[in-house]
Amino acid sequence: MPSKSPLNKPIYLKTFTLRDVKDIKEIEKDIERNMIIIIRITPLAQKDVDDLRNVVESLYNSVTSLGGDMARLGEERIILTPPDVKIWHG
């Protein structure tokens, strides 16, 4: 079993449903906490596609500025990863 030293901090995975533009603040805090975040975007997409586009662009800028990565998971979800987790974009 791996030791629990500060160097071996766990990476947490969180799921989130994006319902409103205001939700971006909580997601950005989780990005800074080095979490892997899977976001269901359908509820906001059904409300306002322009808002969704702006939120996704903002999240992309936030995660890439920290060295992380972002990708789509099908039609309804996106994933954000911290710098030490990379997504294969085949």
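Residues numbered from 1 in each chain as written. Predicted model: local features only at pLDDT ≥ 70, side-chain atom pairs only at ≥ 80, totals over all residues. Heavy atoms only, no water.

Draft legend 1. Region of interest: the pattern of salt bridges. According to the stated counting rule, one finds eight salt bridges in the structure shown. A salt bridge links D30 to R33; the nearest nitrogen and oxygen atoms lie 2.7 Å apart. The buried category is assigned to D30, whose relative accessible area is 1%. For R33, a relative accessible area of 53% puts it in the exposed group. R40 serves as the salt-bridge partner of E76, at 3.7 Å between the closest nitrogen and oxygen. (Salt bridge = Lys/Arg side-chain N within 4 Å of Asp/Glu carboxyl O. Buried < 20%, exposed > 50% of the residue type's maximum accessible area, 1.4 Å probe, protein only.)

Draft legend 2. Geometry of the sheet that holds strand β4 (residues 77–81). With respect to topology, four strands assemble into an open sheet ordered β1-β2-β4-β3, the strand pairing being mixed. Both outer strands of the open sheet, β1 (13–17) and β3 (69–73), are each paired with one neighbouring strand and no more. Each adjacent strand pair in this sheet contributes to an overall mean axis angle of 20°, direction not counted. Across four bridges, strand β2 (residues 36–40) lies against β4 in antiparallel orientation. (Pairing = 2+ DSSP bridges. Helix = DSSP H or I, 4+ residues; strand = E, 2+ residues; numbered from the N terminus. Axes fitted to C-alpha atoms, helices over the stretch in contact; angles between N-to-C directions.)

Draft legend 3. Main features of helix α1 (residues 24–32). Taken as a whole, α1 has its buried residues at I24, I27, D30 and I31. Take α1 and look down its axis: the buried residues cluster within an arc of 120°, on one side only. Residues of α1 that are exposed and angled more than 90 degrees away from the buried face: K25 and E32. Remark: N34 follows α1 within two positions and exhibits a positive phi of approximately 65°. (Arc of directions from axis to C-beta.)

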